[in-house]
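Structural overview for review
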Amino acid sequence: MATLHTVNKSPFGSSVLDDCLGLAKSGSTVLLFEDGVYAATTGTKSAEAITNADGITFAVLGPDAKARGVEGKIADGIKVVDYDGFVDLVAEHDKVHAWL
Amino acid sequence: MPIEVNGKSLEVDEEGYLANLNDWEPAVAEVMAKAEDVDLTDDHWEIINFLREYYEEYQIAPAVRVLTKAVGKKLGKDKGNSKYLYELFPYGPGKQACKYAGLPKPTGCV
Amino acid sequence: MAKKFMYMNTKAPYGTIYALESLEVVLIGAAFEQDVSLAFIGDGVYQLTKGQNTDGIGMKNFSPTYTALGDYDVNKIYVEKESLEERGLSLDDLQHLTWEDEDEDWAEKDSIRLVSRSELADVIEDQDVILSF
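Now for a description of the structure that goes with this document. This is a predicted model, so every value here is computed, not measured.

Across the boundary between the two partners, chain C contributes 21 residues, which contact 16 residues of chain A. Carbon and sulfur atoms make up 52% of the surface buried where chain C meets chain A, a total of about 1,400 Å² over both sides. Counting the surface chain C buries against chain A, the share from its top three residues, Tyr46(C), Asn53(C) and Ile57(C), is 31%. In this structure, Lys73(A) and Asp93(C) form a salt bridge, with 3.4 Å as the shortest nitrogen-oxygen distance.

Here it is as structure tokens:
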């Protein structure tokens, strides 16, 4: 049962990403969108946590990263997807856990 | 009430400002000016075009004070003063010229 | 007597409406000729990043408007160093905000002042009115 987790909050000032990473099982995917995209930018503690999270795949919604001017700062190994890619992720997983 | 420009019906707000910035074309300014009995001269157009360029760069319609200063810097002190701008646009250079230019009402204008 | 107003910007743009609302209040408030300062702390520093392009999310890109603040005589813009560093950012990642000094033949000067948390605390202490967004 692979789960797609979605996180739309900045990792600073919200514990949602930590909560999500604490409970996400190996084999699941975490999609970062809206203010969640900041978590994937290089030089942050959250990007380090993401890089060290074994067995979990991470993706970032490109249009949200581009809007915020951080598209060029997404850490290596994190996939950037567009809206169609988001839909594909939803379709590929058994369920979606939308963290708020 | 929408306005008719070149056979197209364009939506405006209750104060006559274009609802959609992209609807603008020079004929819009002509139609709006005619409705207020204003003949648009080159001097009017200079300010209208200046406002459109300002919006393009900064994404806001400038306050009158800011417009006056910016016009003075770009077009010279004889144009960058309230007297000159109010003579061209008696209803207020911010309000009236922004309307003709298809911009929203300047932020902070009541 | 002009009062010292400080607008504290603490939220990222687009995810919530606070950043845009703050910017509008600053522009409106600028008409009242007070002594205005802006501070960007926490996720607020993200408001100033350069290269923002909102074509893909259907929202207005209001980042160019920060570059007009100089025209509105808003030229004291404090950015907290620690907040930038926590986010892997430096001044180079932010837009270059300037103002022109009419008294010095329109000489272009930097508006952004990079300050430490304790320096910013002193600046805030010195204000009459603080509005947080």
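Here we take up the pairing of strand β3 (residues 57-61) of chain A. All names here are of chain A. The element β3 is largely enclosed, with a buried count of 4 among its 5 residues. As paired elements, strand β2 (residues 29-32) and β3 share 4 bridges and run parallel to each other. Its bridge partner being in β3, Leu32 is matched across the sheet by Val60. Each parallel crossover has a hand, and for β2 linked through helix α2 (residues 45-52) to β3 it is right-handed. As defined by bridge partners, β3 adjoins strand β4 (residues 79-81) across 3 bridges and the pair is classed as parallel. Of the residues in β4, the one forming a bridge with Val60 is Val80.

With 2 pairs of chains in contact overall, the greatest share of contacts is found between chains A and C. Chain A shows no contact with chain B. Their nearest C-alpha atoms sit 15 Å apart.

The subject of this paragraph is unusual backbone geometry. Residues and elements named next belong to chain C. Even without glycine at this site, Tyr14 takes up a positive phi of about 70°. For Tyr14, the position within the fold is in the loop between β1 (4-9) and α1 (18-29). Residue class for Tyr14 comes out buried when judged on its relative accessible area of 6%. With a phi angle near 55°, Asp105 is a residue other than glycine that sits in the positive phi range. Within the secondary structure layout, Asp105 lies in the loop between β4 (98-101) and β5 (107-110).

Residues and elements named next belong to chain A. Tallying each qualifying case throughout the model produces 20 salt bridges over all chains. Between Asp35 and Arg68 there is a salt bridge, and its shortest N-O distance comes to 3.0 Å. Taken together, the residues Asp35 in the loop between β2 and α2 and Arg68 in the loop between α3 (62-67) and β4 connect sequence positions 33 residues apart. A single salt-bridge network, built from bridges that share partners, covers Asp35, Asp64 and Arg68.

Moving on: the interface of chain C and chain B. The partner chain B presents 16 residues to the 19 residues of chain C that form the contact. Counting each side, the surface lost to burial between chain C and chain B is near 1,500 Å², with a carbon and sulfur contribution of 53%. The largest per-residue losses of area from chain C upon contact with chain B belong to Asp71(C), Tyr72(C) and Trp106(C), which jointly make up 37% of the total buried on that side. The interface formed by chain C and chain B contains 3 salt bridges. Note that Asp73(C) and Arg65(B) form a salt bridge whose closest N and O atoms lie 2.8 Å from each other. Joining chain C to chain B, the criterion identifies 10 residue pairs in polar contact (both at pLDDT 80 or more). Secondary-structure elements contributing two or more residues to the side of chain C that touches chain B are α1 and α2 (63-66) of chain C. The element contributing the most residues to the side of chain C that touches chain B is α1(C), with 3 residues. Along the lines of polarity and charge, the residues of the side of chain C that touches chain B split into 8 nonpolar, 4 polar and 7 charged.

Moving on: the sheet that holds strand β2 (residues 35-40) of chain C. Residue and element names in this part refer to chain C. Spatially, 5 strands are ordered β6-β3-β2-β1-β7 in an open sheet, and the strand pairing comes out parallel. One side of each edge strand has no neighbouring strand; the edge strands of this open sheet are β6 (112-115) and β7 (129-132). Going across the sheet, the axis of each strand differs from the next one's by a mean of 25°, ignoring polarity. Here β1 pairs with β2 via 6 bridges, running parallel. Along β2, the bridge assignment pairs Met8 with Ala39.

This paragraph deals with the packing of aromatic side chains. Counting across every chain of the model gives 8 aromatic pairs over all chains. With a centroid separation of 6.5 Å and an interplanar angle of 70°, the aromatic rings of Trp24(B) and Trp45(B) are classed as edge-to-face. Placement of the pair is Trp24(B) in the loop between β2 (8-10) and α1 (26-35) and Trp45(B) in helix α2 (residues 42-58), with a sequence separation of 21 residues. The two residues Trp24(B) and Trp45(B) agree in class, both being buried. Aromatic ring contacts, followed pair by pair, group Tyr14(C), Phe40(C), Phe62(C) and Tyr66(C) into a single cluster. Positioned above the aromatic ring of Phe12(A) is the side chain of Arg87(C), whose terminal nitrogen or guanidinium carbon lies 3.8 Å from the ring centre.

Parameters at a glance
Residues numbered from 1 in each chain as written. Chains lettered and ligands numbered in written order. Predicted model: local features only at pLDDT ≥ 70, side-chain atom pairs only at ≥ 80, totals over all residues. Heavy atoms only, no water. Contact = heavy atoms within 4.5 Å. Buried area = accessible area lost by both parts, 1.4 Å probe. Salt bridge = Lys/Arg side-chain N within 4 Å of Asp/Glu carboxyl O. Buried < 20%, exposed > 50% of the residue type's maximum accessible area, 1.4 Å probe, protein only. Helix = DSSP H or I, 4+ residues; strand = E, 2+ residues; numbered from the N terminus. Pairing = 2+ DSSP bridges. Right-handed = clockwise from strand over helix to strand, strands pointing away. Polar contact = N/O pair within 3.5 Å; in protein donor to acceptor, adjacent residues only side chain to side chain. Nonpolar A, V, L, I, M, F, W, Y, C, P; charged D, E, K, R; others polar. Axes fitted to C-alpha atoms, helices over the stretch in contact; angles between N-to-C directions. Phe/Tyr/Trp six-rings, centres within 6.5 Å; stacked < 30°, edge-to-face > 60°. Lys NZ or Arg CZ within 6 Å of the ring centre and 35° of its normal.

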